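# An overview of the molecular structure
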Amino acid sequence: MSLDDDYDDEVTAFYRKYLGKVQGYLINMGTDHGLAEEIADDAFLGARRYWAHVRSLDRPEAYIFKIAKNERGKRQRRFDSHAADLRPEPPEPRQHDAGDLAEGVADRTVVREALQRLPPRLREVIALRDVEDLALDTTAEIMGISAGAVKRYAFEGRQRLRVLLPEFGGAGEEGIER
């Protein structure tokens, strides 16, 4: 087996392990599903190109998330300008009845809408730490900030989500706290 074949096997396993997390992160940051899929795939292709370096990193997943974050920043502006032409009015927030709560069903749409109302830094920390379940150090590396700043943003983001999601009756404290 050649070195390229070994790398391909490693990249494939890495891709399978982290693709869903990278796409979920992008979607939770407000990226369209199709665009998130495209960006995630391109991020892994970029990592494959430099796999000899990426595999030697302490946290190669942080490298992938950084690529995806940077690509999202570039592409989202273009995507938003095209989407604004197609749909100039944002959709109205959905109303939810108490029947869903009585059944104990957490509506992902409501949580995603609440995430979108957070400032970008808070949203990014919540998406990485709580939704994608990444480690504190990995989140700090992806965002290019200190671990203390990640903790502060996470605390503030969780506090704001508790205010934005009162209909979950405090479930946010149990479901989000670390």
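Definitions and cut-offs
Residues numbered from 1 in each chain as written. Predicted model: local features only at pLDDT ≥ 70, side-chain atom pairs only at ≥ 80, totals over all residues. Heavy atoms only, no water. Core = buried A, V, L, I, M, F, W, Y, C linked by side-chain atoms within 4.5 Å. Buried < 20%, exposed > 50% of the residue type's maximum accessible area, 1.4 Å probe, protein only. Helix = DSSP H or I, 4+ residues; strand = E, 2+ residues; numbered from the N terminus. Contact = heavy atoms within 4.5 Å. Expected span 1.5 Å × (residues − 1). Arc of directions from axis to C-beta. pLDDT = per-residue confidence, 0-100. Salt bridge = Lys/Arg side-chain N within 4 Å of Asp/Glu carboxyl O.

## Concerning the nonpolar core
With 44 residues, the main nonpolar core has V22 and L26 as its most contacted residues. Broken down by secondary-structure element, the contributors of at least two residues to this core are helix 1 (3-28), helix 2 (33-49), helix 3 (51-54), helix 4 (60-86), helix 6 (108-116), helix 7 (120-131), helix 8 (136-143) and helix 9 (147-164). Looking at this core element by element, the count peaks at nine residues for helix 1. In contact with L26, other than residues within four places in its own chain, are T31, A36, I39, A40, A68 and R72.

## Here's the deal with helix 2
Taking 1.5 Å per residue as the helical rise, helix 2 with its 17 residues ought to reach 24 Å, and the 25 Å between its terminal C-alpha atoms agrees with that figure. Turning to helix 2, its buried residues are L35, A36, I39, A40, A43, F44, G46 and A47. Buried residues of helix 2, viewed axially, fall in a sector of 165°; they line one side. Opposite the buried face of helix 2, by more than 90 degrees, sit the exposed residues L45 and R49.

## Observations regarding the environment of L161
Mapping L161 onto the fold places it in helix 9. As for L161 and L118, which are separated by 43 residues in sequence, their C-alpha atoms are 7.9 Å apart.

## Here we look at unusual backbone geometry
Phi is positive for D133, close to 60°, though the residue is something other than glycine. Residue placement: D133 occurs in the loop between helix 7 and helix 8.

## A few points about the confidence of the model for the protein
Per-residue confidence for the protein gives a mean pLDDT of 80; residues scoring 70 or more make up 75%. A low-confidence stretch, residues 171-178 (pLDDT under 50), is modelled with twelve contacts involving residues beyond four sequence positions or located in other chains.

## Brief notes about the pattern of salt bridges
Counted according to the given criterion, the structure contains ten salt bridges. K69 serves as the salt-bridge partner of E124, at 3.5 Å between the closest nitrogen and oxygen. In this pair, E124 sits in helix 7 while K69 sits in helix 4, placing the two residues 55 residues apart along the sequence. On the accessibility criterion, E124 (6% relative accessible area) is buried. The salt bridge involving R158 is made with D130; its shortest N-O contact spans 2.9 Å. Highlighted residues: R158 in helix 9 and D130 in helix 7, separated in sequence by 28 residues. With a relative accessible area of 8%, R158 lands in the buried category. Salt bridges sharing common partners tie together E38, D42, E71, K74 and R75.

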